[in-house]
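So the chains spell out like this:
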Amino acid sequence: MTDYVESDERRALRAAVRDFAAGYGPGYFLAKARAGEKTDELWAAAGRLGYLGVAVPEEYGGGGGGIGDLAAVCEELAAAGCPMLLMVVSPAICATVIARYGTGAQKRRWLPGFADGTTKMAFAITEPDAGSNSHRLTTAVRRDGDGWVLSGGKHYISGVDEVEAVLVVARHVDSSGQRLLPSLLVVPTDAPGFTYQHIPMEVVSPEKQFTCFFDDVRLPPDALVGAEDAGLAQLFAGLNPERIMAASFATGMARRALDQAADYARTRAVWGTPIGAHQGVAHPLAQCAIQVELARVMTQRASALYDAGEDRAAGEAANMAKYAAGEAVAAAVDQAIQVHGGNGLSAEYGLGALLAASRLSRIAPVSREMILNYVAQHTLGLPRSY
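Read on for an overview of the structure. This one's a predicted model, so the numbers in the text were calculated from it and none came from an experiment. Residue numbering note: each chain is counted from 1, following its sequence as written. Since the coordinates come from a predicted model, pLDDT governs what is reported: local features require at least 70, and pairs of side-chain atoms require 80 or more to be given and counted, while whole-chain, interface and lining totals use all residues. Working from all heavy atoms in the structure, the side-chain values ignore hydrogens and water.

1. Section: the overall build of the protein chain
Put simply, the rule is: Going along the chain from the N terminus, every DSSP run of H or I of four or more residues is numbered as a helix, and every run of E of two or more is numbered as a strand. When we talk radius of gyration, it's over C-alpha atoms, and the globule rule is simply 2.2 Å times the number of residues to the 0.38. To sort residues, take the accessible area from a 1.4 Å probe on protein chains only and compare it with the maximum for the residue type: under 20% means buried, over 50% means exposed, and anything in between is partly exposed. Whether two residues are in contact is decided by their heavy atoms, any of which lying within 4.5 Å being enough. In this description, accessible areas are obtained by the Shrake-Rupley approach with a 1.4 Å probe, and a residue is regarded as covered only by the protein chains that are shown. His is not counted, nor are the chain ends; Lys and Arg add positive charge and Asp and Glu add negative charge. For charged residues, the charge sits on one atom: NZ in Lys, CZ in Arg, CG in Asp, CD in Glu.
What the protein chain contains, in helices and strands, is 11 helices and 10 strands. Against the globule reference of 21 Å for 386 residues, the protein chain gives a C-alpha radius of gyration of 21 Å, in line with a compact fold. Residue burial in the protein chain is summarised as follows: out of 386 residues, 52% are buried. Long-range contacts, defined here as pairs at least 24 residues apart, represent 70% of the contacts in the protein chain between residues at least 6 apart. When the accessible area of the protein chain is evaluated, it comes to approximately 16,900 Å², of which 52% is carbon and sulfur surface. Here the protein chain holds 34 positive side-chain charges and 42 negative ones, and the gap between their average locations is 4 Å.

As C-alpha cells, this is what we get:
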C-alpha cells in the first residue's frame, strides 16, 4: 500500500474473495449458525484457494503477504455476509506469532497447515478476574524437568471445539511461587488435564465461546513459542494483528448492513416515493458510510505500519482502528435496522443477527474504554488512570 491507495494486487485479492464469497453468502452462513453447525465447507474452500494463508511466508506454502492482505480477506468475507471469527484468531494471531518467534521445527509443524487452512488454532489470554489487565493473569506455567506444567483457566475463548491446539498466554512461576513474565505455549486440545466448557451466548455465530481449564497439563519443551523472558513485547506481536483483523471484521459487517439498508431504501416506496429520497433516512446512512470509510482508512494505516515493522506506531494505529470500526459497525447496523422498520428484526432480513455481533465489536477483543485509556495516556500524554 502506498499513500493509502491499495496496490493492484490487493484490489485483485479483494475482488477474488468477493466472487468466492458470493457463492456462500448470508443465507448459508446464518443457516449454519442457527443450526449450531460449523462453516467447514467455507473455511476449507478458502484454505484451498490460499485466502487463509495469504500472510504465511511463501517457504511454508503461504502467499508471503502481510497482515493487510489477510485483513482484506477477512473484511470481504464479512461484507459478503460470512464473517468468520476464527480468521481473527488462527491465521492472524497464532500464525503470525509462530512465523515471527517460532523455532524452525515449530514453523515446519504449524505454518503449512495455517497456509492451506487444514490447521486451526485458538488463542487464550482472557481470564475471569483479570479482564483486560494482562498484568493480573494467573494462569501459570512452571518447569518440570525439561518440559512444562500449565495450570489455571481462561474465559471467553473462541472456537476451542473446532481447533487442534490453543496458543495460551501464561505467566512463569519460579521455585518460590513468584509469578514472572508471560509467555506463549501451544497446548493440544486433547492434552490430559485440558478441559473446556461451552458458554451460551446470544450472538448468532458458528464459532462458540468457551471457558478453558488447565489442571496441571504437562507439555513438552517445544510447547513454548519464543523466548521464556520475552514478556509483553512478544505477546503484542499477536495482539496488534488481532486488533487490525477485528477492525476489518467489523467494517466488513458494517458494509454488509449499509449495502442492505441502501438497497432497501432505494426500493421501498411509501406514499409514492422511495424512502431513501427522504433526508431523514438518507443522511443517517450517509453518516454511517463516512464512519465506515474512516475506520477502513485507519485500519489500512495500522496494517501498513505493522507490515513495515513499526510495532509501536502500529499499536497506536491498531487500537484507533479497532475503536473506530467498533463504533462504525454498531452505528451502521443500528441504522440499517431502523431503515427496515419492523423488517429489520425479522429473520428474513438477517439484520437482527448482526445486532449482537456488531455490539460485541465495541467490547472485544479489547473494550472501547481501554482503547480510550491507551490513547489518553500514550497519544495525549495524560496521567495514567488505572
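2. Describing the pairing of strand β2 (residues 140-144)
What counts is decided by this rule: Any two strands with at least two DSSP-identified bridges between them are counted as paired.
In this sheet, strand β3 (residues 147-158) lies alongside β2 in antiparallel orientation, the contact comprising 5 bridges. Following the sheet pairing, Ala-140 is matched in β3 by Ser-151. The hairpin formed by β2 and β3 contains 2 residues between the paired strands, and Gly-145 there has a positive phi angle of roughly 65°.

3. Looking at the nonpolar core
Our working definition: The set of buried Ala, Val, Leu, Ile, Met, Phe, Trp, Tyr and Cys residues whose side-chain atoms join them within 4.5 Å is what this entry labels a nonpolar core.
Formed by 112 residues in total, the largest nonpolar core has its most connected members in Met-87 and Phe-123. The leading source of residues in this core is helix α7 (residues 232-267), at 15 residues.

4. Considering the packing of aromatic side chains
Put simply, the rule is: A pair of aromatic rings is counted whenever rings of Phe, Tyr or Trp (Trp by its six-membered ring) have centres within 6.5 Å, and the orientation is called stacked for planes under 30 degrees apart, edge-to-face for over 60 and tilted otherwise. Look at NZ for Lys and CZ for Arg. If either is within 6 Å of the ring centre and within 35 degrees of the ring normal, a charge sits over the ring.
Evaluated as defined, the whole model comprises 7 aromatic pairs. Between Tyr-24 and Tyr-28 the ring centres are 5.1 Å apart and the planes differ by 65°, which places this aromatic pair in the edge-to-face class. Among the aromatic side chains, those forming a connected cluster through ring pairs are Phe-20, Tyr-24, Tyr-28 and Tyr-51. Here the guanidinium or amino end of Arg-109 rests over the ring plane of Trp-110, the centre of that ring lying 3.8 Å away.

5. As for the environment of Pro-365
Checked against the element boundaries, Pro-365 lands in the loop between α10 (351-360) and α11 (368-379). Each residue touching Pro-365, except ones within four places of it in the same chain, is listed here: Glu-242, Ala-246 and Lys-322.

6. Here we look at unusual backbone geometry
At the junction of Ala-364 and Pro-365, the peptide bond is cis and its omega measures out at 0° in the coordinates. With phi around 50°, Asp-216 is a residue other than glycine that occupies positive phi space. Relative to the helices and strands, Asp-216 is located in strand β7 (residues 209-219).

7. Structural notes on the packing of α7 against helix α9 (residues 311-340)
The condition that has to hold: For helices, the axis comes from a line fit to the C-alpha atoms of the stretch in contact; other axes are also lines fit to C-alpha atoms, and the angle between any two N-to-C directions lies between 0 and 180 degrees. Note that the term roughly parallel is reserved for angles under 35 degrees, roughly antiparallel for angles over 145, roughly perpendicular for angles of 65 to 115, and oblique for everything else. Each crossing gets its handedness from the near helix: less than a right angle anticlockwise from the far helix is left-handed, clockwise is right-handed. Under the grouping applied here, Gly and all other residues not named as nonpolar or charged are polar, the nonpolar ones being Ala, Val, Leu, Ile, Met, Phe, Trp, Tyr, Cys and Pro and the charged ones Asp, Glu, Lys and Arg.
In the contact formed by α7 and α9, the axes pass within 7 Å of each other and the chain directions differ by 25°. Here α7 is positioned roughly parallel relative to α9, judged by the angle of their axes. In the crossing of α7 with α9, the sense of the turn from one axis to the other is left-handed. Its residues placed into classes, the contact of α7 with α9 shows 20 nonpolar, 6 polar and 3 charged.

8. Thoughts on the environment of Asn-373
We count it as follows: Under the rule applied, a polar contact is a pair of N or O atoms within 3.5 Å (in protein, one hydrogen donor and one hydrogen acceptor; residues adjacent in sequence only if both atoms are side-chain atoms).
With respect to the helices and strands, Asn-373 occurs in helix α11. Separated by 287 residues in sequence, Asn-373 and Leu-86 place their C-alpha atoms 27 Å apart. A polar contact is formed between the side chain of Asn-373 and the side chain of Ser-385, at a distance of 3.3 Å.

9. What to know about the pattern of salt bridges
Opposite charge on two side chains lets them pair, provided their charged atoms get close. Note the cut-off: A carboxyl oxygen of Asp or Glu within 4 Å of a side-chain nitrogen of Lys or Arg is what we treat as a salt bridge.
For the structure shown, the criterion picks out 27 salt bridges. Salt-bridge contacts for Glu-37 lead to Lys-32; the nearest nitrogen and oxygen are separated by 3.4 Å. Looking at Glu-37, the relative accessible area reads 39%, which means it is partly exposed. Ionic pairing is found between Arg-362 and Glu-327, a salt bridge with its closest N-O pair at 2.9 Å. Pair noted here: Arg-362 is in the loop between α10 and α11 and Glu-327 is in helix α9, with a separation of 35 residues, a long-range link.

10. Comments concerning the pairing of strand β5 (residues 179-188)
Across 8 bridges, the pairing between strand β4 (residues 165-173) and β5 is antiparallel. Its bridge partner being in β5, Val-166 is matched across the sheet by Val-187. Taking the residues that link successive antiparallel strands as the turn, the β4-β5 hairpin has 5 residues, and the phi of Gly-177 there is positive, at about 90°. Across 2 bridges, β5 lies against strand β8 (residues 224-225) in antiparallel orientation. Bridged to Leu-184 within β8 is Val-225.

11. Digging into the side chain of Asn-240
Along the polypeptide, Asn-240 turns up in helix α7. Excluding residues that lie within four positions of it along the chain, Asn-240 makes contacts with Tyr-306, Asp-311, Gly-315 and Ala-318.

12. Considering the side chain of Ser-183
Tracing the backbone through its elements, the reader meets Ser-183 in strand β5. Residue Ser-183 is classed as buried on the basis of its relative accessible area of 3%. Among the polar contacts made by the side chain of Ser-183, one reaches the main-chain carbonyl oxygen of Glu-228 at a distance of 3.1 Å. Beyond its immediate chain neighbours, meaning those up to four positions away, Ser-183 contacts Val-168, Val-169, Ala-170, His-172, Leu-224, Ala-227 and Glu-228.

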